[in-house]
Amino acid sequence: MKHEAVILSWWDTVDSSEWDTHEEVHIKEVIQIGWVVYQDERSIKLADTFSDNEYFGITAIPKGCVIEVKELGDRGT
C-alpha cells in the first residue's frame, strides 16, 4: 500500500484556563509534514513516523480545519 507524503496546513484550537479575554485567545495555524494514512469526508489522518513497515504517530484532523495540502510524493510499503 502506498501512502502519500504531504505538507498540511490546518487551524488548531487554543484554550486558556487563565484570566484571558476573548481578544487574547486565538486559533493558530499548524504546518505538519506526514503521510496520509486515511481520509474520508470528515477527517484526514497523518502519520509522522514510519518504522518496521508500519506508520505511527497518528494525528486526526477535521477536514473543516484544513487550510492547504501540498503533495510531496508517496512511499510504497
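Read on for an overview of the structure. (Residues numbered from 1 in each chain as written. Predicted model: local features only at pLDDT ≥ 70, side-chain atom pairs only at ≥ 80, totals over all residues. Heavy atoms only, no water.)

**Looking at the packing of aromatic side chains**
Put simply, the rule is: Geometry of aromatic contacts follows a simple scheme: Phe, Tyr and Trp rings, the Trp one being its six-membered ring, pair when their centres are within 6.5 Å, and the pair is stacked under 30 degrees between planes, edge-to-face over 60, tilted otherwise.
In total, this model carries 3 aromatic pairs according to the counting rule given. In this structure an aromatic cluster arises from ring pairing among Trp 35, Phe 50 and Tyr 55.

**Quick notes on a nonpolar patch on the surface**
In plain terms, the rule: Candidate patch residues must exceed 30% relative accessible area and have no salt bridge, after which like charges are joined if within 9 Å and Val, Leu, Ile, Met, Phe, Trp or Tyr side chains if within 5 Å. Residue-level accessible areas treat just the shown protein chains as cover; the underlying method is Shrake-Rupley with a 1.4 Å probe. Within this document, salt bridges are pairs made up of a side-chain nitrogen of Lys or Arg and a carboxyl oxygen of Asp or Glu, the two lying within 4 Å of each other. Secondary structure follows DSSP: runs of H or I at least 4 residues long count as helices, runs of E at least 2 residues long count as strands, and numbering of each begins at the N terminus. The rule is simple: take the accessible area with a 1.4 Å probe, protein chains only, and divide by the maximum for that residue type; under 20% is buried, over 50% is exposed, in between is partly exposed.
Taken together, Trp 11, Ile 27 and Ile 67 make up a surface patch of nonpolar side chains, about 290 Å² in accessible area. Position of Ile 67 relative to the elements: it lies in strand 5 (residues 66-76). The exposure class assigned to Ile 67 is partly exposed, which follows from its relative accessible area of 39%.

**A few points about a negative patch on the surface**
Put simply, the rule is: Think of it this way: Lys and Arg go in the positive column, Asp and Glu in the negative one, and His and the chain ends go nowhere. Throughout, a charge is located at the NZ atom of Lys, the CZ atom of Arg, the CG atom of Asp or the CD atom of Glu.
A grouping of Glu 18, Asp 20, Glu 23 and Glu 24 is seen on the molecular surface, where their side chains present a negatively charged patch. Within the fold, Glu 24 resides in the loop between strand 1 (2-12) and strand 2 (28-39).

**Some words on the environment of Trp 19**
Note that Trp 19 resides in the loop between strand 1 and strand 2. Taking relative accessible area as the criterion, Trp 19 reaches 88% and is therefore assigned exposed. Placed 15 residues apart in sequence, Trp 19 and Glu 4 show a C-alpha to C-alpha distance of 43 Å.

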